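# Tertiary structure, described
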Amino acid sequence: MAALNRLLRAGAAVRLPTAAARRCILSLAFSGGDARQGMPGRRDPVSRNVQWVFLGCPGVGKGTYASRLSQLLGVPHIATGDLVREELASSGPLAPQEILEGVTDIDLVVNLKLREDVLLAKCLGRRICGQCGKNFNVASINVKGENGRPGIFMAPLPPPAQCMSKLVTRADDTEEVVKERLRIYNETSQPVEEFYRSRGKLLEFDLPGGIPESWPKLLQVLNLEDHDDKQSAAA
């Protein structure tokens, strides 16, 4: 675990795949930052850095929210991909949480959740510009609330005119592949969720929509404020 240890000592945010499938990832994004009163697993920020983990199914937006928080807190965010996959392959029968607990002390696990029908629509709407490589999303999601379930709105992220004719769909963004990734993720993530839930470190967060709807509420439950976001909203 030498390579993983070096990353965690740097205060990293790690994207950790499971051993179950190469394309179905159990994403764990670590951020070292201040603890805020009211968060599960709160520690004295003077005495140590806080290790945060972002858990969630493929396509839910773990990397996006971890990156935003790393910028807000001024801490590193590192996606390891193949490096951590190699660590899992070389560690024998150990589960992901056992590997993590062996190299760092996790303070808080934020479990990002999104209902499956919305997640499927979001994944199927993903597009990439074949020229500039930027990511877009053509899906316009507006699910009405019913039977006590809240509605969810996600506006599309359309490309500029110069990218419109160059959009391509990822080969694995098909309904069959996405559903299989979700099935494998749901099976492999349950032990990890239970592991941290039993230790009082799991924070469940249901995404109410896209970034404009979800980001302020995520900051609220983490007892954080984004002054730049407030200023841009007021402008």
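Look a little higher up for the structure.
What counts, and where the lines are drawn
- Residues numbered from 1 in each chain as written.
- Predicted model: local features only at pLDDT ≥ 70, side-chain atom pairs only at ≥ 80, totals over all residues.
- Heavy atoms only, no water.
- Pairing = 2+ DSSP bridges.
- Helix = DSSP H or I, 4+ residues; strand = E, 2+ residues; numbered from the N terminus.
- Axes fitted to C-alpha atoms, helices over the stretch in contact; angles between N-to-C directions.
- Parallel < 35°, antiparallel > 145°, perpendicular 65-115°, else oblique.
- Left-handed = near helix turned anticlockwise from the far one by under 90°.
- Contact = heavy atoms within 4.5 Å.
- Nonpolar A, V, L, I, M, F, W, Y, C, P; charged D, E, K, R; others polar.

Backbone-to-backbone hydrogen bonds join strands into a sheet, with any given pair of strands oriented parallel or antiparallel. One open sheet holds the 3 strands; their spatial order is β5-β4-β8, and the pairing between them is antiparallel. In the strand order of this sheet, the two ends are held by β5 (135-137) and β8 (167-168), each with one partner. Examined bridge by bridge, strand β4 (residues 126-129) and β5 share 3 bridges and lie antiparallel to one another. Bridged to I128 within β5 is N135.

One can describe the packing of helix α2 (residues 62-73) onto helix α8 (residues 211-221) by two numbers: an axis separation of 12 Å at closest approach and a directional angle of 55°. By the angle between their axes, α2 is oblique relative to α8. In the packing of α2 onto α8, the handedness of the crossing is right-handed. Here α2 contributes T64, Y65, R68, L69 and L72 to the contact with α8, which in turn contributes I211, S214, W215, L218 and L219. For the contact of α2 with α8, a count of residues per class yields 7 nonpolar, 2 polar and 1 charged.

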